[in-house]
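Secondary and tertiary structure notes
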Amino acid sequence: MAIHDMEQKCLVEADSSAQVMPEMQAAPRSHIKSLVTVALLATCACVTTAFLAHVPSRSAPLTRGTENVFIGLQAADYWKNWFKSGDKIKLKSWKEDDYADVKHGDDDVEEWIVTYGSSSNNIQLWKPRGKDNDEKDADKGLVAPGKFSKKCSLGACATKFKVAIKDCRKKEITLESEDNARHFLHEPADHHGITVWHTGVGNNWVVEKR
């Protein structure tokens, strides 16, 4: 109900309360004055209640929509809380039990050593090596192709990918090639390795730290 309508309702009620029954018309003026005062107080109370009903409480809990606004304001580099430079990660694709993998020669890599600068929002991905398989192979970084649908390969000049958070709760990201803003690391429909593409669910990756 609008505040104006509530005010009108309260005024009508007050006016009715102020009317004196026939048998009370002969009552003392002081009694009638008291009745009018009570009616006016009731009117003020109604107006105050109507106003307060439209004022949101400061202590009210955040709605789901408001929570989403705050998530949207999350820092662009919040993903650095999920993994540090030098950590080993896997990138889960939209397919069931499927990860970003590169097939190159005898290599079939789906675990990656991730590196990035402290003030950078770009990462590079490297084939693991070493006794515990937790060091980067500087000769075998993930290299994005220059054309759509061509497969990614391994090489010393690993592509730098800009990280963008898609879903903070899921740790879901996209990886945009630094060389081309329309090229995103992409899981295609086939099972012969990853590529680059400009749109679609195949551009989304869920980070899993190993």
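Bear in mind that the values here come from a model prediction, so they are computed numbers and not experimental data.

**Some thoughts on the pairing of strand E9 (residues 172–177)**
When you tally the buried positions in E9, you get five out of six residues, the bulk of the element. In this structure, strand E8 (residues 161–167) lies alongside E9, joined through six bridges in antiparallel fashion. Bridging from a neighbouring strand, Asp 167 pairs with Glu 172 of E9. In this antiparallel pair of consecutive strands, E8 and E9, the connection spans four residues, and Lys 171 shows a positive phi of 60°. Looking at chain direction, E9 and strand E12 (residues 205–209) are connected through two bridges and run antiparallel. Note that in E12 the partner of Glu 172 across the bridge is Val 206.

**Some remarks on the nonpolar core**
One finds Leu 91, Ile 123, Leu 125, Leu 142, Leu 175 and Leu 185 to be the most contacted residues of the largest nonpolar core, which totals 27 residues. Every element with two or more residues in this core is listed here: strand E1 (88–92), strand E4 (112–115), strand E5 (122–129), E8, E9 and E12. When residues no more than four places from it in sequence are discounted, the contact partners of Leu 91 are Asp 98, Tyr 99, Ala 100, Leu 125, Ile 173, Leu 175, Leu 185, Trp 205, Val 206 and Val 207.

**Overview of the environment of Trp 79**
Looking at the secondary structure, you find Trp 79 in the loop between helix H3 (64–72) and E1. Accessibility expressed as a relative area gives 0% for Trp 79, which makes it buried.

**A few points about the confidence of the model for the protein**
Averaged over all residues, the pLDDT of the protein is 78; the fraction at 70 or higher stands at 65%. Low pLDDT, under 50, characterises residues 17–24; the stretch is placed with five contacts to residues that sit more than four places away or in other chains. The model gives residues 57–73 a pLDDT under 50, and that stretch makes six contacts with residues more than four places away or in other chains.

Rules and cut-offs
Residues numbered from 1 in each chain as written. Predicted model: local features only at pLDDT ≥ 70, side-chain atom pairs only at ≥ 80, totals over all residues. Heavy atoms only, no water. Buried < 20%, exposed > 50% of the residue type's maximum accessible area, 1.4 Å probe, protein only. Helix = DSSP H or I, 4+ residues; strand = E, 2+ residues; numbered from the N terminus. Pairing = 2+ DSSP bridges. Core = buried A, V, L, I, M, F, W, Y, C linked by side-chain atoms within 4.5 Å. Contact = heavy atoms within 4.5 Å. pLDDT = per-residue confidence, 0-100.

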